Amino acid sequence: MPTLVECVPNFSEGRDKAKVDAIIEAMKMDGVYLLDREMDADHNRCVITLVGEREPMMEAVLRGVGKAAEIIDLTKHTGAHPRMGATDVVPFIPIEGVTIEDCVQMAKHVGEQIWKRFQIPVYLYEAAAQRPERTNLENIRRGQFEGIRDDIATNPARMPDFGEPRVHPTAGATVVGARKFLVAYNVYLNTPDVEVAKKVGKAVRFSNGGLRFVKGMGIPVRGLAQVSMNLTDTDQTPIARVYEFVKREAARYGVMPLSSEIVGLIPKKSLEDAAEWFLQVENFDSSMILENRLAAVMGGKMAVGGLRAGVEPFVEQLAAPTAVPGGGSASAAAGAMAAGLAAMVAGMSRGKKAYVQYESQLSEAIARLSTLREELKAAVDKDADAYRGLVAAFKAAKDNPNGGGAVNAATREAINVPLSVAQKSAEVQRIAESLRAVTNPKMASDLTVAIALSRAAIEGAVANVEINLEGFDDVAFAEEVKGQVAAIRR
């Protein structure tokens, strides 16, 4: 399974293309891909969007930080956007096969290396924050480069998470963290009065009682007042709702939006939600979009004809008079469905006022369940492949007196795959049970089904483990597996 991570480093240079080119060149590595680059002369800031595997991504970012420290001097830097470092902020975002916890570990490693290699102090934020007050970036960056430079040595609250209490003379300090996908969204008002934008920015941001998952401020850009925002969860707070809120607040001061802009990239679903919002399409579903339906059908993720059409082929394969797919594949599928149901329940409660105190727990559960779901889906085929491999090894051994080693290896695989399914399904069950106390009680039946499915997955997978252990002559391995099975059943 690929382990894709997105990283969106922000550098304090938006006017000199040659410098931005040099930073991007420094970050070029196999396994890391440049998705986007945005330069803003008024903000004097560039936003680089990278995606790639975990290990090369961390090294690519470190090289970019080093190059930025060489060529950006914050003592000579001016711009509309707040900043505290040549490399101002480095967020890691999970995309595929990676959890938010994995991104937290990446952030800690990169933060430590930034100090060791470049003597730039580092603060951790969002999911990687080591102090509650550092979850929000604006708390860390308050006072900007100049304020932190003057305050860091004497104010304990300014002590960095990595490094000594002193900023780099020209590169300042850097903030590194882990978060969900963020949309940088700005709305221009038809007035040069930045005070209006500041009032609207204050009204819209969550910390002042505004919209959940919105950070906002007002700044002057190109002779106009701009409401500059970060939308940290567009699933929970859609971009259309944000635009309408800004429009309504601006009207209080006799102004209106002139235009809006997206800095960097935006998930397709966010634009689909906006289209649904403004067009008021009845019973809208993303599968109604031609390109979405085409991609889903061609990718095997969807069949035409409703929910039944999606599951029917697998059910019919189970019913066919063939050995695979069999109970092992069915167990993996049950575990995957359990993970999907539990994630749905957590997602329906996350972001709601009644459960805001559990947001961190719910986010962690969703991230982990997403990984487990993908792994269990993959195990549907892995179990069938393991059985085919075992049959092939026994056939080959009939003609080869030295084929015992291949049979041994194939048997181990036929044991390890369902054992992994049982372990992962047991984790799904634990998470589902923990969600009862922190999610909407009206969805308790969904959790009941998820727990029942996970138990079925465990029992089915363990049955496959035990039948493949019968007669297996590696006593030490067999005893180790039995111990793991006993731990699952506790």
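Residues numbered from 1 in each chain as written. Predicted model: local features only at pLDDT ≥ 70, side-chain atom pairs only at ≥ 80, totals over all residues. Heavy atoms only, no water.

Enquirer: In this structure, what is going on with the environment of Ala129? I would like to understand it.
Expert: Within the secondary structure layout, Ala129 lies in the loop between strand 6 (122–126) and helix 4 (137–141). Between the alpha carbons of Ala129 and Ala178 there is a distance of 8.7 Å; along the sequence they are 49 residues apart. Non-local contacts of Ala129, meaning those with residues more than four positions away in its chain, are made with Leu124, Arg134 and Thr135. (Helix = DSSP H or I, 4+ residues; strand = E, 2+ residues; numbered from the N terminus. Contact = heavy atoms within 4.5 Å.)

Enquirer: Would you explain helix 8 (residues 268–279) in this entry?
Expert: With 12 residues, helix 8 should cover 16 Å at 1.5 Å per step; its first-to-last C-alpha distance of 16 Å lies within 8% of that length. Turning to helix 8, its buried residues number three or more, namely Ser270, Glu272, Asp273 and Ala274. Along its buried surface, helix 8 packs onto helix 7 (239–251) and helix 9 (290–298). Phi turns positive one or two residues past the end of helix 8, at Gln280, with a value near 55°. (Expected span 1.5 Å × (residues − 1). Buried < 20%, exposed > 50% of the residue type's maximum accessible area, 1.4 Å probe, protein only.)

Enquirer: How should I be thinking about the pattern of salt bridges in this particular structure?
Expert: When the charged atoms of two side chains lie near each other, side chains of opposite charge can form a pair. This structure, assessed with the given rule, holds 32 salt bridges. For Glu112, the salt bridge goes to Lys116, with nearest N and O atoms at 3.4 Å. Here Glu112 pairs with Lys116, and both are found in helix 3 (residues 100–118), just 4 residues apart, close to one helical turn. Of the residues examined, Lys116 reaches a relative accessible area of 53% and is grouped as exposed. Residue Arg212 is joined to Glu359 by a salt bridge in which the shortest nitrogen-to-oxygen separation is 2.3 Å. A residue pair is termed long-range when its members are at least 10 positions apart, and Arg212 in the loop between helix 6 (194–204) and strand 9 (214–221) and Glu359 in helix 12 (residues 359–399) qualify at 147 residues. Overall, the relative accessible area of 22% leaves Arg212 in the partly exposed class. Among the ionic contacts, a cluster of salt bridges with common partners joins Lys17, Asp21 and Arg37. (Salt bridge = Lys/Arg side-chain N within 4 Å of Asp/Glu carboxyl O.)

Enquirer: Sorry if this is basic, but what is going on with the state of the cysteines here?
Expert: A covalent bond between the sulfur atoms of two cysteines is what we call a disulfide. In this structure the tally under the stated criterion is 0 disulfides. Note on Cys46: no disulfide assigned, nearest cysteine sulfur contributed by Cys7 at a separation of 12 Å. Note on Cys46: relative accessible area 1%, which makes it buried. (Disulfide = S-S within 2.5 Å.)

Geometric descriptors of this kind do not, in isolation, establish any biological role.
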